[in-house]
Amino acid sequence: MNMNIYIHAFYTIVLRFRIRMNLNRRQLRDMSDPFSLTEETFKGIYRLSRQLTRDLMTDLSPFLQDNERVLGIPKHLKILATLNFLAQGSYQKAVGQDFFCPMSQKSVSRCVEEVTGALVEHFPHFVHFPSTAAEKTQEKQLFMTVPHGFPGIIGAVDCTHVAIISPPVEDPQYPAIVFLNRKGYYSINVQIICNARLKILAINARFPGSVHDAGIWTTSIVKNLLHTSYENGDSSSWLIGDAGYPLEPWLMTPVSGHNLTEPERRYNVAHKSIRNVIERLNGVLKTRFRCLSKHRVLHYNPAKCAKLIYACAILHNMCIHNGEIDIDIDHNDEEDNNDEPRNAENDHNNLREGRIIRNRIIRDYFQ
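Conventions used here
Residues numbered from 1 in each chain as written. Predicted model: local features only at pLDDT ≥ 70, side-chain atom pairs only at ≥ 80, totals over all residues. Heavy atoms only, no water. Core = buried A, V, L, I, M, F, W, Y, C linked by side-chain atoms within 4.5 Å. Buried < 20%, exposed > 50% of the residue type's maximum accessible area, 1.4 Å probe, protein only. Helix = DSSP H or I, 4+ residues; strand = E, 2+ residues; numbered from the N terminus. Domains from an automatic or database assignment. Contact = heavy atoms within 4.5 Å. Pairing = 2+ DSSP bridges. Axes fitted to C-alpha atoms, helices over the stretch in contact; angles between N-to-C directions. pLDDT = per-residue confidence, 0-100. Polar contact = N/O pair within 3.5 Å; in protein donor to acceptor, adjacent residues only side chain to side chain. Expected span 1.5 Å × (residues − 1). Arc of directions from axis to C-beta.

## Digging into the nonpolar core
Part 1 of the argument: One finds Leu56, Leu119, Phe150 and Leu315 to be the most contacted residues of the largest nonpolar core, which totals 80 residues.
Part 2 of the argument: Top element by residues in this core is helix H11 (residues 302-321). It accounts for twelve residues.
Part 3 of the argument: Split by domain, this core shows at least three residues from each of two domains, domain 1 (32-124) and domain 2 (128-366).
Part 4 of the argument: When near neighbours in sequence (up to four residues on either side) are disregarded, Leu315 contacts Leu48, Leu56, Leu83, Leu86, Leu119 and Phe289.

## Focus on the sheet that holds strand S1 (residues 153-163)
Part 1 of the argument: Strand order in the open sheet made by the five strands is S3-S2-S1-S4-S5, with mixed pairing throughout. The two strands at the open ends of the sheet, each matched to only one other strand, are strand S3 (200-208) and strand S5 (251-252).
Part 2 of the argument: The pairing of strand S2 (residues 187-194) with S3 spans six bridges and is antiparallel. Bridging from a neighbouring strand, Gln191 pairs with Asn204 of S3.
Part 3 of the argument: On the sheet, helix H10 (residues 262-288) packs against S1, S2, S3, strand S4 (238-240) and S5 and is oriented at approximately 45° with respect to S1.

## Quick notes on the confidence of the model for the protein chain
Part 1 of the argument: Residues of the protein chain with pLDDT of at least 70 account for 81%, and the chain-wide mean is 87.
Part 2 of the argument: Counted against residues more than four places away or in other chains, residues 92-97, with its pLDDT under 50, gives 17 contacts.

## Focus: the environment of Asn195
Part 1 of the argument: Within the secondary structure, Asn195 sits in the loop between S2 and S3.
Part 2 of the argument: Residues Asn195 and Phe143, 52 residues apart in the sequence, show an inter-C-alpha distance of 7.5 Å.
Part 3 of the argument: Here Asn195 is in contact with Glu139, Leu142, Phe143, Leu201 and Val277, once residues within four sequence places are set aside.
Part 4 of the argument: Here Glu139 takes part through its side chain, which lies 3.2 Å from a polar atom of the side chain of Asn195.

## Remarks on helix H12 (residues 348-365)
Each α-helix turn comprises 3.6 residues. Residues three or four places apart therefore point the same way.
Part 1 of the argument: Taking 1.5 Å of rise per residue, 18 residues should cover 26 Å, and H12 covers 26 Å from first to last C-alpha, within 8% of that figure.
Part 2 of the argument: If you check which residues of H12 are buried, you get Asn350, Gly354, Ile357, Arg358, Ile361 and Ile362. One face of H12 carries all of its buried residues, which in axial projection span an arc of 140°. With respect to the buried face of H12, the exposed residues turned more than 90 degrees away are His348 and Ile356.
Part 3 of the argument: The inward-facing, buried residues of H12 contact helix H9 (221-231), S4, S5 and H10.

Okay, here's the thing in structure tokens:
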């Protein structure tokens, strides 16, 4: 009997302690003001400028749940905690111990899931592939401003690996083995298309790390769009990709072989120089949002990891739209080029017509 009294008293003390801790954490949250930080410090923590973060809070708040509990987390702190996690790539517990938005690990997890879900559901229009003639013309003009640029380019395509923890070996939907990439770690192979200003035009995070870049391209929605556009008469718009991709009328790759003509060599030099934009984009994206870094590793199932990747792409484009592209790339994190070039399978007609267009480009601009 006495033992039960002691146990009850012990749990009462623990409960009171937790309530006091929660109240103290709430008090710290309410007293903190991250916007009082300097612009440089604020961007170092959250990666967005103070003004862009305020705009994001205004636009995103209507899609977040209202607080019904006394200790409920205000919407602006949900957004700040999520930005902090995406920017730093730290464990959620470490994010929750941040002075400006102290909260429990579980609270951080709920914030990240809610905010990224709202971004992906309500702001997908920030990642938009050019489909009209006017949009394509705009992208072509941007690529003409790039050194060695030549007409017709509307985007550069490549894939990059985002590290994840190993899924369960026997998982029927996401077995671990398919996520093991050729470099020996578990990942999602993310296909990205960007323009000359490092804006993401399309992103696909549905494939595991073992799938080759060309395999992802085979089922790409963008490929189908370009194919349809080509059949409708547009034979002067194309992406550029490395030797791991198939040569197609809408996808220009380097000229392979050793006995190249001088115009072919000049074309290859220009192609490599222009395609550098997608490699820079991958570096900027992973430096801006360290949760995508191979040194951090996302501790979620593949579906949630994909949602985080899409959310980062949307936020990145918001930064580009706002003119915030000044970021130093962490070159130690660049594992791209991530796939060895190989002879990609190709439809015979596409290959033949692709060669005709590529030869025309070489003849007209690199003779």
